[in-house]
Amino acid sequence: MVRRVGLLLVAWGVIACSQTAQAVLTIEITQSADVGLPIAIVPFALQGKDKPAHDVAAVVEADLARSGRFAPVPRKHFLGTPHEDKDVVFKDWRRIKAEALLIGKKKKLPNGQWQVEFRLYDVFKGKQLAGYIFRVDENALRATAHQISDVVYERLTGEPGAFSSRIAYVTKETLKKRNVYKLQVADSDGYGPVTIVKSPEPLLSPAWSPDGGRLAYVSFEEQRSMVYAQSLVDGKREKLAEFTGINGAPAWSPDGKRLALTLSRDGNPEIYVMDAASKRLTRLTKNYAIDTEPAWSPDGRHIIFTSDRAGQPQIYRMDADGGDVTRLTFEGSYNARASYAPDGATLTLVSRNGGAYHIAILHLANNLLQVLTDTPLDESPSFAPNGRMVLYATEVRGGGVLASVSADGRVRQVFKFEQGDVREPAWSPSNQPLQYTE
Amino acid sequence: MRKKAWVLLAALAVLGVAGCQTTGVPSGAETGGLTNAQVALLAEQRVYFDFDSSTISGESRAIIEAHAADMRGRGRATVALEGHCDERGTREYNLALGERRAQAVARLFRALGVSANRITTVSYGEEKPVALEHNEAAWRQNRRVEIIKR
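Described in the following lines is the structure provided in the data block. (Residues numbered from 1 in each chain as written. Chains lettered and ligands numbered in written order. Predicted model: local features only at pLDDT ≥ 70, side-chain atom pairs only at ≥ 80, totals over all residues. Heavy atoms only, no water.)

1. Some words on the layout of surface pockets
It is the rolling of a water-molecule-sized probe over the atoms that shows where space remains empty.
And then number 1: Estimates place the volume of the largest pocket at around 870 Å³.
And then number 2: For the largest pocket, the lining is made up of 35 residues, of which A:Trp208, A:Ala295, A:Trp296, A:Ser339 and A:Tyr340 are closest to its centre.
And then number 3: Going through the elements one at a time, strand 12 (203-208), strand 16 (247-252), strand 20 (291-296), strand 24 (335-340), strand 28 (379-383) and strand 32 (421-427) of chain A are the ones with two or more residues in the lining of the largest pocket.
And then number 4: When its residues are assigned to classes, the lining of the largest pocket shows 25 nonpolar, 6 polar and 4 charged.
And then number 5: The calculated volume of the second largest pocket comes to roughly 680 Å³.
And then number 6: Listing elements by their share of the lining of the second largest pocket, those giving two or more residues are strand 9 (166-175), strand 10 (178-187), strand 29 (389-396), strand 30 (399-406) and strand 32 of chain A together with strand 2 (79-84) of chain B.
And then number 7: Taken together, the residues that form the lining of the second largest pocket break down as 14 nonpolar, 9 polar and 17 charged. (1 Å grid on protein atoms, 1.4 Å probe; cavity = no way out; pocket = protein on both sides within 12 Å on 5 of 7 lines; lining within 4 Å. Points joined across faces, edges and corners; volume = space filled by probe spheres on them. Helix = DSSP H or I, 4+ residues; strand = E, 2+ residues; numbered from the N terminus. Nonpolar A, V, L, I, M, F, W, Y, C, P; charged D, E, K, R; others polar.)

What follows is the structure, given as structure tokens:
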């Protein structure tokens, strides 16, 4: 059965300052993905003479490999290349040990749009699991590929995909001895960055609002740290905090109505909550130590944060009104920058071991700390909206880059950007690309 | 008040004599109430810190004392203290650690007689390193407070 699905996607033109060079996902897979489900992805047949701007099947294959859950079967093993349901011979695929099969076709329509059709099969059962036809603008082809990845992922794992989400991050370049910082937003695979903010002074700590429509961030454009919030729809920007001292670490509450912040206006860094509409502040922590890097639990009832009240940075949790502070990390002398997985069962954080800063997962039920990376200068981990991948910043050959690691640590990939140092990634909280009408 | 000033000047004169003996400058010479050694230290506009620490070392203290003495002699001078960290660790925590370093230096300035309204502090965390390499030598240079007097 094939369903017609239309996609409404509008270009980012309104808020883009410029379309910068794209990020390209590198080949650097640090762990083999053959622990994943073997899926055969047959390159989609092209009907007609026009060539599309993007290879949809290749984008899907890269998405699925990066997730750590799938092992795409090498094309050289294929015994056939079906594009139609009637051409599928299941025993050809069982022979090469594929468990799932994805086929498709694409063709340019007279009105300039592209028609993309795909079918997903369970090879053992010899049964179709999904089939869709899309009609989309050419500039929506990658988004369509990511939607296909989401469907494949969900049908085969039972969990939602995260491929239609976005990532925000900061780049730093030095041109003619001047620094240029940019806050950018790109697709979940790093493609198509759009510059949201550009500044000669540092930018850090981008934080997505729950609906994906706004980014809060810290900017030094006035020579000290201040917190701003900016709409991704119309580009309008608001200064939220410019108190004496540090203004930092913004984090939106799950209902989007409040922001947790770090302010040192009262003498040392403390966690405050600001009502987004009235800007009223409530102070939550009252301790001479450094209290910073707040993050909300998915149910909005708790806030975790970094505090060195016991001597060195560790992760603590408190109620959203500041009560009942509990320490969560006990392993290692430095644990910081924690945030919740969407299901609330684990945290990702930076954990230091023997002088090396790794990305780790803390399982809240049994307090197990699981280290995911072995590189020494890792920071700012951020969960994908399905909780199955963690995006973080790392160092490769002296330069700052982004990487993603599957939440079980099995597959890691590095994002190669064409210019500058990249840092401070933040994964959007929902798996919907931002849609708006002009 | 005048008596205190005389006592202070007398003490400084004694110190000045003591400090001058190694430099060949005629005994008793001073510059604005500072010893020659302190004048030399005024050229130092950075004090450095150990890893994860905001404790002021003896060497740093001597530099800060020189600057404080200079400011006591120039009543309208102000000082901006910028706190910095090396790149290791998380950025927001480093923003806080940089502030702690700047505040430690500010406290010492105040203890040395510079009033609070002449001192400002700001933290840049790990955002403005002077050395960009990823090794101990670079990190040591970046863990600092900049002393900027006007």
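Structure's up, so let's keep going.
2. Some thoughts on the interface of chain B and chain A
And then number 1: The interface of chain B with chain A comprises 22 residues on the first partner and 38 residues on the second.
And then number 2: With both chains or domains summed, chain B and chain A bury close to 2,400 Å², and 54% of this area falls on carbon and sulfur atoms.
And then number 3: Our enumeration of links across chain B and chain A arrives at 6 salt bridges.
And then number 4: Salt-bridge contacts for A:Arg352 lead to B:Asp52; the nearest nitrogen and oxygen are separated by 3.2 Å. (Contact = heavy atoms within 4.5 Å. Buried area = accessible area lost by both parts, 1.4 Å probe. Salt bridge = Lys/Arg side-chain N within 4 Å of Asp/Glu carboxyl O.)

3. Observations regarding the sheet that holds strand 9 of chain A
Residues and elements named next belong to chain A.
And then number 1: The sheet built from 4 strands is open, its strands ordered 11-10-9-32 with antiparallel pairing. Because the sheet does not close on itself, it has two edges, and the strands there are strand 11 (194-199) and strand 32. On average, each strand axis in the sheet is inclined to that of its neighbour by 20°, with strand direction left out of account.
And then number 2: Examined bridge by bridge, strand 10 and strand 11 share 5 bridges and lie antiparallel to one another. Directly across from tyrosine 181, in strand 11, lies its bridge partner serine 199. (Pairing = 2+ DSSP bridges. Axes fitted to C-alpha atoms, helices over the stretch in contact; angles between N-to-C directions.)

4. Here we look at the pattern of salt bridges
And then number 1: In this structure the tally under the stated criterion is 42 salt bridges over all chains.
And then number 2: Among the ionic pairs, B:Arg91 bridges to A:Glu379, the shortest N-O distance being 3.2 Å. With B:Arg91 in helix 4 (residues 91-111) and A:Glu379 in strand 28, the pair connects residues from two separate chains.
And then number 3: Ionic contacts of the salt-bridge type, sharing partners, join the residues A:Arg337, A:Glu379, A:Asp421, A:Arg423, A:Glu424, B:Arg91, B:Glu126 and B:Glu127 into one network.

Keep in mind these values describe shape, not function.
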